[in-house]
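Listed here are the chains, written in short residue letters.
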Amino acid sequence: INYSLNHWAALTFYCEDGRAEISNVLAENALRCVALGRKNYLFVGSDSGGERAAAMYSLIGSCKLNGINPRAYLEYVLTHIADHKISRIDELLPWNVADKLKPLTPHTLSTG
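Residues numbered from 1 in each chain as written. Predicted model: local features only at pLDDT ≥ 70, side-chain atom pairs only at ≥ 80, totals over all residues. Heavy atoms only, no water.

This paragraph deals with the confidence of the model for the chain. For the chain, per-residue confidence averages 82 on the pLDDT scale, and residues scoring 70 or more make up 88% of the total. Looking over the chain, one finds the lowest element-wise mean pLDDT in helix α8 (residues 106–111), namely 53, and the highest in helix α6 (residues 70–80), namely 92. (pLDDT = per-residue confidence, 0-100. Helix = DSSP H or I, 4+ residues; strand = E, 2+ residues; numbered from the N terminus.)

This next bit is on the packing of helix α5 (residues 47–65) against α6. At a minimum axis separation of 9 Å, α5 and α6 run at an interaxial angle of 120°. By the angle between their directions, the pair α5 and α6 is classed as oblique. Two packed elements cross with a definite hand, and for α5 against α6 that hand is right-handed. Contacts between α5 and α6 involve Met 56, Leu 59, Ile 60, Cys 63 and Lys 64 on the former and, on the latter, Pro 70, Tyr 73 and Leu 74. Broken down by class, the residue content of the contact of α5 with α6 amounts to seven nonpolar, no polar and one charged. (Axes fitted to C-alpha atoms, helices over the stretch in contact; angles between N-to-C directions. Parallel < 35°, antiparallel > 145°, perpendicular 65-115°, else oblique. Left-handed = near helix turned anticlockwise from the far one by under 90°. Contact = heavy atoms within 4.5 Å. Nonpolar A, V, L, I, M, F, W, Y, C, P; charged D, E, K, R; others polar.)

A few words on the layout of surface pockets. The space that makes up the second largest pocket amounts to roughly 210 Å³. What lines the second largest pocket is simply Tyr 3, Ser 4, His 7, Ala 10, Leu 11, Phe 13, Tyr 14, Glu 21 and Ile 22. Counting residues per element, the ones that place at least two in the lining of the second largest pocket are α1 (2–6) and α2 (8–16). The greatest single-element share of the lining of the second largest pocket, amounting to four residues, is contributed by α2. Across the lining of the second largest pocket, the residue classes break down as six nonpolar, two polar and one charged. (1 Å grid on protein atoms, 1.4 Å probe; cavity = no way out; pocket = protein on both sides within 12 Å on 5 of 7 lines; lining within 4 Å. Points joined across faces, edges and corners; volume = space filled by probe spheres on them.)

Laid out in structure tokens, this is it:
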């Protein structure tokens, strides 16, 4: 009861808004691969290497959350980025090129 009283605002928000999740298990599952590979990240080489790795994980995670095949997305971007204007780089974000890619399959989600 004390826990509920200490988190009353969150509990009432959950009851009032049907879009709110009761737990953060989806976010925790999305970050599980980061926690599992934490030791490997010690050896990315530099701070900028870590930033690049984080950007890649973010793009791949965004693909999965938007139902996009990460491999198809990376293939598309890597073949088009050289001819793309840097001022319009946001056009290459996963949700902006989704209609040009293969959809994400359950097999890709579990192995990719």
